[in-house]
Number of protein chains: 2
Amino acid sequence: MRVLILGGDGFCGWPTSLHLSARGHEVAIVDNGSRRHIDDELGAGSLTPIATLETRLAAWREISGRDIPAHDFTVGQDFDALLALLKDFRPAAIVHFAEQRAAPYSMKSARHKRYTVSNNVCATHDVLAAIVESGLDIHLAHLGTMGVYGYGSAGVSVPEGYLTVRVETAEGWATREILYPASPGSIYHLTKTQDALAFQFYARNDGLRITDLHQGIVWGAQTLETRADPRLINRFDYDGDYGTVLNRFLMQAAVGYPLTVHGAGGQTRAFINIQDTVRCVELALADAPQRGERVKVMNQMTECWRVRDLAQMVAGLTGAELTHLPNPRVEAEENDLMVDNGRLLGLGLRPIRLEDGLLLEIAEVARRYAHRADLSKIPSISCWNAERAAAAGAAQTTQAAE
Amino acid sequence: MRVLILGGDGFCGWPTSLHLSARGHEVAIVDNGSRRHIDDELGAGSLTPIATLETRLAAWREISGRDIPAHDFTVGQDFDALLALLKDFRPAAIVHFAEQRAAPYSMKSARHKRYTVSNNVCATHDVLAAIVESGLDIHLAHLGTMGVYGYGSAGVSVPEGYLTVRVETAEGWATREILYPASPGSIYHLTKTQDALAFQFYARNDGLRITDLHQGIVWGAQTLETRADPRLINRFDYDGDYGTVLNRFLMQAAVGYPLTVHGAGGQTRAFINIQDTVRCVELALADAPQRGERVKVMNQMTECWRVRDLAQMVAGLTGAELTHLPNPRVEAEENDLMVDNGRLLGLGLRPIRLEDGLLLEIAEVARRYAHRADLSKIPSISCWNAERAAAAGAAQTTQAAE
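Rotating chain A by 180° and translating it 0.0 Å along the rotation axis places it on chain B, where the RMSD comes to 0.0 Å. Taken together, the rotation and translation describe the operation of a two-fold axis. Of the residues that chain A buries at the interface, 100% are likewise interface residues in chain B, meaning the two copies contact each other through the same surface.

Right, let's talk about the pattern of salt bridges for a bit. Any two side chains of opposite charge can pair, on the condition that their charged atoms come close. The tally for this structure, following the rule as stated, stands at 52 salt bridges over all chains. Asp 126 of chain A is the partner of Arg 114 of chain B in a salt bridge, and the nearest nitrogen-oxygen pair spans 2.5 Å. Separated into two different chains, Arg 114 of chain B in helix 6 (residues 110-134) and Asp 126 of chain A in helix 6 (residues 110-134) make up a pair that spans both. By relative accessible area, Arg 114 of chain B is classed as partly exposed at 21%. Two residues, Arg 56 of chain B and Asp 9 of chain B, come together in a salt bridge whose shortest N-O distance is 2.8 Å. Here the residue Arg 56 of chain B occupies a position in helix 3 (residues 53-64), and Asp 9 of chain B occupies one in the loop between strand 1 (2-6) and helix 1 (13-22), the gap between them amounting to 47 residues. Under the relative-accessibility criterion, Arg 56 of chain B is labelled buried at 0%. Members of the salt-bridge network, linked through shared partners, are Arg 35, Asp 39, Arg 101, Arg 235 and Asp 237 of chain A.

Across the boundary between the two partners, chain A contributes 50 residues, which contact 50 residues of chain B. Both sides of the chain A and chain B interface together cover about 3900 Å² of buried area, and 63% of this is carbon and sulfur. Taken together, chain A and chain B are joined by two salt bridges. Scanning the region where chain A abuts chain B turns up 14 residue pairs in polar contact (both at pLDDT 80 or more). Elements with a minimum of two residues in the side of chain A that touches chain B: helix 6, strand 6 (162-169), strand 7 (172-179) and helix 7 (187-206) of chain A.

Within the secondary structure, Asp 72 of chain A sits in the loop between strand 3 (70-71) and helix 4 (79-89). Aside from chain neighbours lying at most four places away, what touches Asp 72 of chain A is Asp 31 and Asn 32 of chain A.

Let us now look at helix 9 (residues 274-286) of chain A. All names here are of chain A. In this model, helix 9 (13 residues) spans 19 Å end to end at C-alpha, consistent with the 18 Å of a helix rising 1.5 Å per residue. By the criterion of burial, helix 9 is predominantly enclosed, with eleven of the 13 residues buried. Among all positions in helix 9, only Ile 274, Gln 275, Asp 276, Thr 277, Val 278, Cys 280, Val 281, Glu 282, Leu 283, Ala 284 and Leu 285 are buried. Among the residues of helix 9, the N-terminal cap falls to Asn 273, whose side-chain oxygen and the backbone nitrogen of Gln 275 are separated by 2.8 Å.

All names here are of chain A. Pairing is mixed across the open sheet formed by three strands, whose spatial order is 9-11-13. Unpaired on one side and paired on the other, strand 9 (217-219) and strand 13 (303-306) mark the two borders of the sheet. Strand-to-strand twist across the sheet, computed as the mean angle between neighbouring axes with direction ignored, equals 45°. Sheet contacts for helix 10 (residues 307-318): strand 11 (268-273) and strand 13; angle to strand 13, the most-contacted strand, approximately 85°.

Residues with a pLDDT of 70 or more make up 97% of chain A, whose mean pLDDT is 93. Note on the complex model: pTM 0.96, ipTM 0.95.

Here the focus is the sheet that holds strand 3 (residues 70-71) of chain B. Residues and elements named next belong to chain B. Ordered in space as 3-2-1-4-5-8-12, the seven strands form an open sheet in which the pairing is parallel. Each end of this open sheet is capped by a strand with a single partner; those strands are strand 3 and strand 12 (296-300). Across two bridges, strand 2 (residues 26-30) lies against strand 3 in parallel orientation. Among the inter-strand pairings, Val 30 is bridged to a residue of strand 3, identified as His 71. Most of the contacts of helix 4 (residues 79-89) go to strand 1, to which it runs at about 160°, and overall it touches strand 1, strand 2, strand 3 and strand 4 (93-96).

The relation between two aromatic rings is expressed through the spacing of the ring centres and the mutual angle of the planes. A complete count under the given rule lists six aromatic pairs over all chains for this structure. When the ring of Phe 201 of chain A is compared with that of Tyr 202 of chain A, the centres are 5.6 Å apart and the planes differ by 85°; the resulting orientation is edge-to-face. Accessibility assignment for this pair places Phe 201 of chain A and Tyr 202 of chain A in one class, buried. When the centroid spacing of 4.9 Å and the interplanar angle of 80° are considered together, the rings of Tyr 149 of chain B and Tyr 180 of chain B count as edge-to-face. In this pair, Tyr 149 of chain B is assigned in the loop between strand 5 (139-145) and strand 6 (162-169) and Tyr 180 of chain B in the loop between strand 7 (172-179) and helix 7 (187-206), connecting sequence segments 31 residues apart. Taken individually, Tyr 149 of chain B and Tyr 180 of chain B each receive the classification buried, so the pair is uniform in this respect. Between Arg 35 of chain A and the ring centre of Tyr 242 of chain A, over which it is positioned, the NZ or CZ distance is 3.6 Å. In this structure, Arg 166 of chain A packs its charged tip against the face of Trp 173 of chain B, placed 4.3 Å from the ring centre.

Here is the key point about a regular strand: its side chains alternate between the two faces of the sheet. Residues and elements named next belong to chain B. The pairing of strand 6 with strand 7 spans eight bridges and is antiparallel. When the sheet's bridge partners are listed, Val 167 is paired in strand 7 with Ala 174. With antiparallel pairing between neighbouring strands as the criterion, strand 6 and strand 7 make up a hairpin whose turn holds two residues.

Here Asp 126 of chain A falls in the buried class, since its relative accessible area comes to 2%. Within the structure, the side chain of Asp 126 of chain A is placed 3.5 Å from the backbone nitrogen of Gly 76 of chain A, a separation counted as a polar contact. Dropping the residues within four chain positions of it, Asp 126 of chain A is found in contact with Gly 76, Gln 77, Phe 79 and Leu 82 of chain A together with Arg 114 of chain B.

It is worth spelling out the packing of helix 8 (residues 245-255) of chain A against helix 10 of chain A at this point. Residue and element names in this part refer to chain A. It is at 10 Å that the axes of helix 8 and helix 10 come closest, and there the two elements cross at 25°. Looking at the two axes, helix 8 sits roughly parallel to helix 10. For the pair helix 8 and helix 10, the crossing hand works out as right-handed. For the pair helix 8 and helix 10, contact is made by Val 245, Leu 246, Phe 249, Leu 250 and Ala 253 and by Val 307, Leu 310, Ala 311, Val 314 and Thr 318, respectively. Looking at the contact of helix 8 with helix 10 residue by residue, the classes come out as nine nonpolar, one polar and no charged.

With that out of the way, let us pick up the environment of Gln 252 of chain B. Residues and elements named next belong to chain B. When you line up the elements, Gln 252 lands in helix 8 (residues 245-255). Linking Gln 252 and Leu 322, residues 70 residues apart in sequence, is a C-alpha distance of 10 Å. In contact with Gln 252, other than residues within four places in its own chain, are Tyr 257, Pro 258, Leu 259, Thr 260 and Ile 378.

What follows covers the environment of Ile 94 of chain A. All names here are of chain A. Within the secondary structure, Ile 94 is located in strand 4 (residues 93-96). Overall, Ile 94 belongs to the buried group, its relative accessible area being 0%. As a C-alpha pair, Ile 94 and Ala 28 span 66 residues in sequence and 9.6 Å in three-dimensional space. Look past the residues within four positions of Ile 94 in its chain and what remains in contact with it is Leu 4, Leu 6, Leu 86, Val 127, Ile 131, Ile 138, His 139, Leu 140 and Ala 141.

The phi angle of most residues is negative, glycine excepted, and most peptide bonds adopt the trans form. Residue and element names in this part refer to chain A. Of note in the backbone geometry, Arg 90 takes a positive phi value of approximately 50° without being a glycine. Its location among the elements puts Arg 90 in the loop between helix 4 and strand 4. According to the relative accessible area criterion, Arg 90 is partly exposed, its value standing at 47%.

In this section: helix 3 of chain B. Residue and element names in this part refer to chain B. Compared with an ideal rise of 1.5 Å per residue, which puts twelve residues at 16 Å, helix 3 spans 16 Å between its outermost C-alpha atoms and is within 8% of the ideal. Contacts from the buried residues of helix 3 go to helix 1, strand 2, helix 2 (34-42) and strand 3. Just downstream of helix 3 lies Gly 65, where phi reads positive at about 75°.

Criteria and thresholds
- Residues numbered from 1 in each chain as written.
- Chains lettered and ligands numbered in written order.
- Predicted model: local features only at pLDDT ≥ 70, side-chain atom pairs only at ≥ 80, totals over all residues.
- Heavy atoms only, no water.
- Least-squares fit on C-alpha atoms with pLDDT ≥ 70 in both.
- Contact = heavy atoms within 4.5 Å.
- Salt bridge = Lys/Arg side-chain N within 4 Å of Asp/Glu carboxyl O.
- Helix = DSSP H or I, 4+ residues; strand = E, 2+ residues; numbered from the N terminus.
- Buried < 20%, exposed > 50% of the residue type's maximum accessible area, 1.4 Å probe, protein only.
- Buried area = accessible area lost by both parts, 1.4 Å probe.
- Polar contact = N/O pair within 3.5 Å; in protein donor to acceptor, adjacent residues only side chain to side chain.
- Expected span 1.5 Å × (residues − 1).
- Pairing = 2+ DSSP bridges.
- Axes fitted to C-alpha atoms, helices over the stretch in contact; angles between N-to-C directions.
- pLDDT = per-residue confidence, 0-100.
- Phe/Tyr/Trp six-rings, centres within 6.5 Å; stacked < 30°, edge-to-face > 60°.
- Lys NZ or Arg CZ within 6 Å of the ring centre and 35° of its normal.
- Parallel < 35°, antiparallel > 145°, perpendicular 65-115°, else oblique.
- Left-handed = near helix turned anticlockwise from the far one by under 90°.
- Nonpolar A, V, L, I, M, F, W, Y, C, P; charged D, E, K, R; others polar.

Here it is in C-alpha cells:
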C-alpha cells in the first residue's frame, strides 16, 4: 500500500517509515525538520548520534534496495504543497506524526504554547481538508495520546475512545455512547483533544476514514530496522522537555545521575515500546474503518506503571539512586490507571514487556552513548503555571543554600 | 469597569461596545477590519450603510462625550501587541468576538475552512495565553454558540454547558458532570468546541475566570445606542454566507423575493435579539466567576423557533411567498430543541420577543434599505460536502430547464 508519513524524520515517524518500507509498502515522507530545529533551540540533542535525513534515506536505499522519497514543507502551512503531493502520490493511507509532541515544551512560555497550538491544530486540520479536497479515499491514522483522557480511571479501565453513559431524557434514563470526556493536562494534550473534535466532524460530514491511536509513553529507541546500520539509528531524548520519563531514567542511571522523580512519583502512566509502536501503526493501517464509520480509536499502549515503581525497577537493575523534585505539572499526585487495549491485541500485537526489554535498552543505547550526555539538560525547567514555577524556584534556592 | 472588546467593529461587537460605553464602562476596541475585508471578498456588503470605524467612534464621541480608543491588529497573530495592550490598558474584562462567525463562509472551500480554524483557534488561545502572561486577573467573556451542542435535544432542555451523566465505576453507577458532548455542525462550530476545551484547560491550570456565552441566532440590527445617529448604524447581513436566517427572511420580504427555506424547514433553532445580546454581555460581566471556579457557561438565547414557522410568520406579516431549496448543510431535516436559559433570566434579562420586535425590524431596516440589496447575493452557495454540492447543482439545472 502507498503510505505517506507526515513527520517521518521524528522519534516515532522515522522507525515507522522504515518498518512500513521493510514490510513492502511504498512509503514517502514529509518532514520540515522542526524536531531538529528544536534541538538547536534547546541546545539539547539526541543521545544517539542521528544522521541527516538525506544520509538516513541513502543508507536505507543501500541496505534495503528501497527508495523513500522525502518532501520538505510544513504541514499546516503549505497547503498547496500537501494537496499537490496527495494528488501526485495518491496514498492509500496517511500516518500523521507532524505535531509538536512534548508536554513540557508546550508549557515553557507563551511562545511555546502558541507554537504548539497553531502547529498541531492547523497541521491536523490541513490534512483533513486536503484529503477532502483531493477527492481521494485516503485512510488517516493519527498519533494521539492516552493523555487526552486525563489520568485516573476510578477503578475502571479507560475505554478505547468512547464512553457509555446514561443521560436523562423525557422518557427516562437512556444509554448513549459519547467521545470520552477530554481532560487535557497540558497545551500539548489540549491540541490532541482539539484534533479529536476535528476528526469527529470530518468523519461525519465528509465520510473520512480516520483512526486515532491513543498512544502511551514510548520507551526504547531502536527497532529491527534502525538497528540495521549506524546511519539508521533512531533519536533518544533525555532532556527535561523531550525525554520521556523512562528514557530519562535509563540515561540517568547510565551516567550515575540520581533518577529524578517529580513529586512523590505516584503518577501512573501507560507505556509502550517503540518496536510495538511501529507494529501498531502497521496493524492499524491493515484494519482501516469503513467509509461512514465513526472515528476508530485504539489505545496504543501495553502496560501501566507508577513512576516511582519504574524508578525503583531501574534503580534495582543499575544501582542508581532516586531523588524527588517538586512536580512542575498541575496534576494529581497519585492516580490509578487501567486501560483497555483489546483492539490492537486482537489484531495481533504481541507486546514487548518492560521487564524483558529494559536491560537491552540500557546496554544498547544509554550506556553506549552516555558520554554524549549533557547533564545540565536533564532537569525539567518548564513549569505548568506561576504557582509551580514559584515552588520550583524555592526548591532550587533551598538546594543552593544547603 | 475597564473592558476590552475584541472584534469591536463587528455585528455584535459594535453595539456591545456602545452599550457598555453608554453604561459608563471604560471601553477600548481591537479590530483588524476582517469583517469588512470579507464584505469586499464576497462582494456583498451590509444592507445598512455602515460608516468607517473612525467615523463611528467620532460620532459616538460627539453624541456621548465618551472616547473609545480603537487598536488595529490581528488577535491570534500579533501576540506582542495584544500583551502590551493588556499591560497598558489593564482591563478588568475582555469580551471576545474576534472570530470568523459564519458557518456557510467556513464551509465555502478549503481556504475558508483553513482560515476559520487558524483564525478562531489561534485568536482564542492567544487571548488566554496573553492573560496568563500579563499576570492580571482579567475576566474573559467569550461569544460561543448554541451550535456546539449539536441540534436536537430528545425532549430534554439543553443545559448550560454541563451535562449530568451516570457512568459505571468499580463501585457501580456514579453521577458525573461533564462538558456537554460537542457535536459541531460546521467548521465554524468546530472551532467553538475547540475553544471550549482551551477554556477548560486554562481555568483549571491557571485559574483563569472565563464565561462562555452560548449564543443563539441573532436577529435584528439596531440597539438603543446604534439608533442614536445614522453614523452609528449597525450592520445587517442578508447574503447567503453571513445573513442569519431571520434577517434574510425580513430582507427577502421587503424586496419581494420569496423566502428561501432550506429543505423542509424543519430545523429548530434558538434565537435572540441584538438588543438582548448586548444586555446579556453586560449581565455576564457583572456576574464573573470566581478564581478557581470552572468555566461558567450561559445559554444566551430567548426563544426557539422552527425555520418554516418563522418563514410563515414573516409571510403572514408581509405577504411574502415561500420557496424550498435543497439544504446545503449536512444535518437532520427535522429536530426539536428546548434550551435552559435560566442563568441570564435569573440575572435580570427581560427578553424582546420575536413577535413584538419583528415589525419594527421590517420597517426600520429591511424596508428602509431594501433599495441597497443585491438580490444575486441571497442564495447560499456554500455546500457542506460533495454530495450536497451535487444536489444543489442538480436543483439549479432543473430550475434552469423549467
